[in-house]
Amino acid sequence: RIVHTGIVEGQKEGLLRIAETLHKNPDLNARLILSSPTQRDRLLNQGFDLPCVEIVTLPHDKVLDLQASAHILVTVLPFFHKTKEGALTGYPTKLVEYLATGRPILIHAPAWTHLCQHARRHGYASIVDDACENSIADAIRKLRQDNDHRRDISQKATEQANNFDIQKVTRQFLQMIPTS
């Protein structure tokens, strides 16, 4: 189970590419589960009407359970969409939840984005930074077959999640405020 949670707007391009990759590569034996508040009919009309895609709308506590049970969590940023410029410095807030699960993360985004650069620097995700379906399929195969790789990125994801600890962040924030 490959899981994406959250809205599907600018992410549509990359998520469709992942869905089409799964559809064209039945040997991957994987499903893309989209847990999204985006209207189901709208997603189906946009091309997510493939047999390898499941669309669900869940309450937040069930979303967290879905994330924790995923084989792979996926987050994407656009390569060609009109909101591409926002991807330069964007960091999906949903990724913080993904990091906390300790599950393997697949990032599908251009190499020049902050997201890819940050993930590469800290090693907490498998990254596909081109718009090639073969690259996506290879990354999924590696996550499924390479236990050491999966364990390594999952461990680094858990370590990275500690950087988002509210008490730690609050202390750091307060230290930056000048006192007179």
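These remarks concern the structure in this document. (Residues numbered from 1 in each chain as written. Predicted model: local features only at pLDDT ≥ 70, side-chain atom pairs only at ≥ 80, totals over all residues. Heavy atoms only, no water.)

## Some words on the packing of helix H3 (residues 60-69) against helix H5 (residues 94-101)
In step 1: Their axes nearest at 9 Å, the elements H3 and H5 cross at an angle of 55 degrees. Between H3 and H5, the crossing angle belongs to the class labelled oblique. For the pair H3 and H5, the crossing hand works out as right-handed. Side by side, H3 and H5 meet where His-60, Leu-64, Gln-67 and Ala-68 of the first sit next to Lys-94, Glu-97, Tyr-98 and Thr-101 of the second.
In step 2: Of the residues assigned to the contact of H3 with H5, the class counts are three nonpolar, three polar and two charged. (Axes fitted to C-alpha atoms, helices over the stretch in contact; angles between N-to-C directions. Helix = DSSP H or I, 4+ residues; strand = E, 2+ residues; numbered from the N terminus. Parallel < 35°, antiparallel > 145°, perpendicular 65-115°, else oblique. Left-handed = near helix turned anticlockwise from the far one by under 90°. Contact = heavy atoms within 4.5 Å. Nonpolar A, V, L, I, M, F, W, Y, C, P; charged D, E, K, R; others polar.)

## Topic: the pairing of strand S2 (residues 32-35)
In step 1: Alternating positions in S2 separate into two faces, Leu-32 and Leu-34 on one and Ile-33 and Ser-35 on the other, with burial throughout.
In step 2: The pairing of strand S1 (residues 2-5) with S2 spans four bridges and is parallel. Within the sheet, the bridge partner assigned to Thr-5 lies in S2 and is Ser-35.
In step 3: Handedness of the crossover is the feature at issue here: the chain leaves S1, passes through helix H1 (residues 12-24), returns alongside S2, and the resulting connection is right-handed.
In step 4: Here S2 runs beside strand S3 (residues 53-56); their pairing, made up of four bridges, is parallel. Paired with Ile-33 across the bridge in S3 is Glu-54.
In step 5: For the handedness criterion, the β-α-β arrangement of S2, helix H2 (residues 40-48) and S3 is classed as right-handed. (Buried < 20%, exposed > 50% of the residue type's maximum accessible area, 1.4 Å probe, protein only. Pairing = 2+ DSSP bridges. Right-handed = clockwise from strand over helix to strand, strands pointing away.)

## Structural notes on the pattern of salt bridges
Between side chains of opposite charge, pairing is possible as soon as their charged atoms come close.
In step 1: Tallying each qualifying case throughout the model produces 10 salt bridges.
In step 2: Among the ionic pairs, Glu-133 bridges to Lys-24, the shortest N-O distance being 3.2 Å. Of the two residues, Glu-133 sits in helix H7 (residues 133-145) while Lys-24 sits in helix H1, which places them 109 residues apart along the sequence.
In step 3: Taking the relative accessible area as the measure of exposure, Lys-24 reaches 53% and is therefore exposed.
In step 4: A salt bridge links Glu-97 to Lys-94, with the shortest nitrogen-to-oxygen separation between them at 3.5 Å. Residue Glu-97 and its partner Lys-94 are both found in helix H5; the two are separated by three residues, about one turn of the helix.
In step 5: One network of salt bridges, in which partners are shared, links Asp-27, Asp-138 and Arg-141. (Salt bridge = Lys/Arg side-chain N within 4 Å of Asp/Glu carboxyl O.)

## What to know about the sheet that holds S2
In step 1: Spatial strand order, S3-S2-S1-S4-S5-S6: six strands in an open sheet with parallel pairing. Since the sheet does not close on itself, it has two edges, and those belong to S3 and strand S6 (126-128), each with one partner. On average, adjacent strands in this sheet sit at an angle of 25 degrees to one another, irrespective of strand direction.
In step 2: Two elements, strand S5 (residues 105-108) and S6, share three bridges in a ladder whose sense is parallel. Bridge pairing in S6 places Ile-107 opposite Ile-127.
In step 3: Strands S1, strand S4 (72-76) and S5 of the sheet are contacted by H5, whose axis makes an angle of about 160 degrees with S4.
In step 4: Contacts from H7 reach S1, S4, S5 and S6 within the one sheet, and its direction differs from that of S6 by about 170 degrees.

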